[in-house]
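Coordinate inspection notes
Letter by letter, the chains look like this.
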Amino acid sequence: MATTSHRGDWHPASWRDREATQLPVWPDAAVAEGVYQQVRGLPPLVFAGEARRLTRALGEVVAGRAFMLQAGDCAESFDDFSADSIRDKLKVILQMAVVLTYGSGVPVLKVGRIAGQFAKPRSSPTERVGDMDLPVFRGHIINDDVPVPAGRIPDPTRMLTAYHQSASTLNLLRAFTKGGFADLSQVHSWNQEFLSSSAEGRRYEAIAEEIDRALRFMRACGVDLTTDSPIHQVDLFTSHEALLLGYEEAMTRQDSLTGQWYDCSAHFLWVGERTHQIEGAHIEFATGIGNPIGCKIGPKTSPDEVVEICEALNPERTPGRLTLISRMGVDAVRDKLPPLIRKVSESGHPVVWQCDPMHGNTFASESGRKTRHFDDVLGEIQGYFAVHRSLGTWPGGVHVELTGDDVTECLGGIGDILEEQLPLRYTTACDPRLNARQSIDLAFRVAELLRAR
Ligand code: PEP
Ligand code: CO
């Protein structure tokens, strides 16, 4: 089964003939070319067959038989890279998935914003720091977040660091998810200490206890849970924004089985809100790769544009190939989303409708820190569910920025983080993330919304 257009003139570098926004200008093009060459020689991080499996699983989401949880950092960091932080992020994703699955009875497809989420689109090319205007931070694959002029110069050798960090992150994730850590009998151990004493931690414990009981019951009934059972392993797919096209191009390989091109830097790639111009370089790149693709859709996108995006990215109308990730903001979602869904439904395009309740709800706190309020995040999800309910379409998933750490970056939530607490543990390299407690709480709320359908 073909998954893309096989447009004859597409090749991994064909985006270079299109207008590209948000790309760095490397100070020395020859050095960058040398790095691309090296990246082209490095092993793929994922295999085409895995990406095809994800497309099929997303087809189940299109059909309303599964739900997609996509979650992880806004920007992974070269400075915050340890086994513990990977493990803790995985724990929260697994916990959220358990809460969602148990609470809704629907299979949950797990996709991390992890093992490659290093490049950031920015609203402004410069940033005011003290009395200096500095080039803006564009993610650790491009430059440094430290606000000094030298650090902000794009450095192509960072692509090699990003590749190797992605490889070791993915290696550990594969070990954790396939080697016993993600076994459902470990469901209690994913609850971190600081969580277990909190209300939502206890709520999670109650579910974990019920899962234990169910497993004991099945064993007692003679169900063989020892071998090859899906209970012992989970599939966690990886994803990131396909922003830095030179790197993505260099990671794109032809599958020997099908002859199709795949971007082997991750299973799932998405095009961001700032780069989805229909004639632009980022859409051009995405049209030709066989991976499942996402596209962010903000409040300014018209229904016609969304259908054009569907035509460009999924001309063969393969279910699971395309996920539209709406990020409207809590105040716009109920007005702006319905005309888009109606138009896409009329067009007959099969899509996963996913809600990113983070990026339309960012604001500067009084102290100037970027933040989001938990109530706005939840409010956008509620609006998204209400819209889908009224149109009879399937709310296919959520897309959130989170960390396993006990950070204070988003306001409100069950621990009710206040403005003055933001500086306490504000460690994000880019956007404010939900902490573990806020994430689990959100999963309970989403499970309730799913159940209420
Ligand atoms: C992101 O997902 O981190 C992001 C920048 O999103 P958007 O393109 O929707 O603004
Ligand atoms: Co972000």
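It should be noted that the structure appears before, not after, this text.
Residues numbered from 1 in each chain as written. Chains lettered and ligands numbered in written order. Predicted model: local features only at pLDDT ≥ 70, side-chain atom pairs only at ≥ 80, totals over all residues. Heavy atoms only, no water.

We now examine the pattern of salt bridges. Going through the model one piece at a time under the given rule, you end up with 29 salt bridges. With a shortest N-O distance of 2.9 Å, Glu60 and Arg65 are connected by a salt bridge. A salt bridge links Arg216 to Glu209, with the nearest nitrogen and oxygen atoms 3.7 Å apart. Owing to a relative accessible area of 46%, Arg216 belongs among the partly exposed residues under this scheme. Classification of Glu209 by relative accessible area gives partly exposed; the value is 36%. In the salt-bridge network here, residues are joined through shared partners; they are Arg113, Lys370, Arg372, Glu401 and Asp431. (Salt bridge = Lys/Arg side-chain N within 4 Å of Asp/Glu carboxyl O. Buried < 20%, exposed > 50% of the residue type's maximum accessible area, 1.4 Å probe, protein only.)

Surrounding ligand 1, one finds Cys74, Arg113, Lys120, Pro121, Trp270, Gly272, Glu273, Arg274, Lys296, Arg327, His359 and Glu401. The separation between an oxygen atom of ligand 1 and a polar side-chain atom of Arg113 is 2.8 Å. Take Arg274: an N or O atom from its side chain is 2.8 Å from an oxygen atom of ligand 1. For ligand 1, whose accessible area on its own is 300 Å², the fraction buried by protein is 98%. Class assignment of the residues belonging to the shell around ligand 1 gives a composition of three nonpolar, two polar and seven charged. (Near = heavy atom within 4 Å. Polar contact = N/O pair within 3.5 Å; in protein donor to acceptor, adjacent residues only side chain to side chain. Areas by Shrake-Rupley, 256 points an atom, 1.4 Å probe, with all protein chains shown as cover. Nonpolar A, V, L, I, M, F, W, Y, C, P; charged D, E, K, R; others polar.)

What follows deals with helix H9 (residues 303–313). Each α-helix turn comprises 3.6 residues. Residues three or four places apart therefore point the same way. For H9, the set of buried residues is Val306, Val307, Ile309, Cys310 and Leu313. Take H9 and look down its axis: the buried residues cluster within an arc of 155°, on one side only. Structurally, H9 contributes buried residues whose contacts are with helix H8 (281–288), strand E9 (293–297), strand E10 (322–326) and helix H10 (333–347). (Helix = DSSP H or I, 4+ residues; strand = E, 2+ residues; numbered from the N terminus. Arc of directions from axis to C-beta. Contact = heavy atoms within 4.5 Å.)

Let us now look at the coordination of the cobalt ion (ligand 2). Protein coordination at the cobalt ion (ligand 2): the donors are Cys74 (SG), His359 (NE2), Glu401 (OE) and Asp431 (OD), at 2.1 to 2.4 Å from the metal. The sequence pattern formed by the donor residues of the cobalt ion (ligand 2) is C-x284-H-x41-E-x29-D. With Glu401 in strand E14 (residues 397–401) and Asp431 in the loop between E14 and helix H12 (436–451), this residue pair connects regions lying 30 residues apart in the sequence. Take Glu401 and Asp431: they sit in the same class, and that class is buried. (Donors = N, O, S within 2.8 Å, 3.2 Å for Na, K, Ca; no water.)

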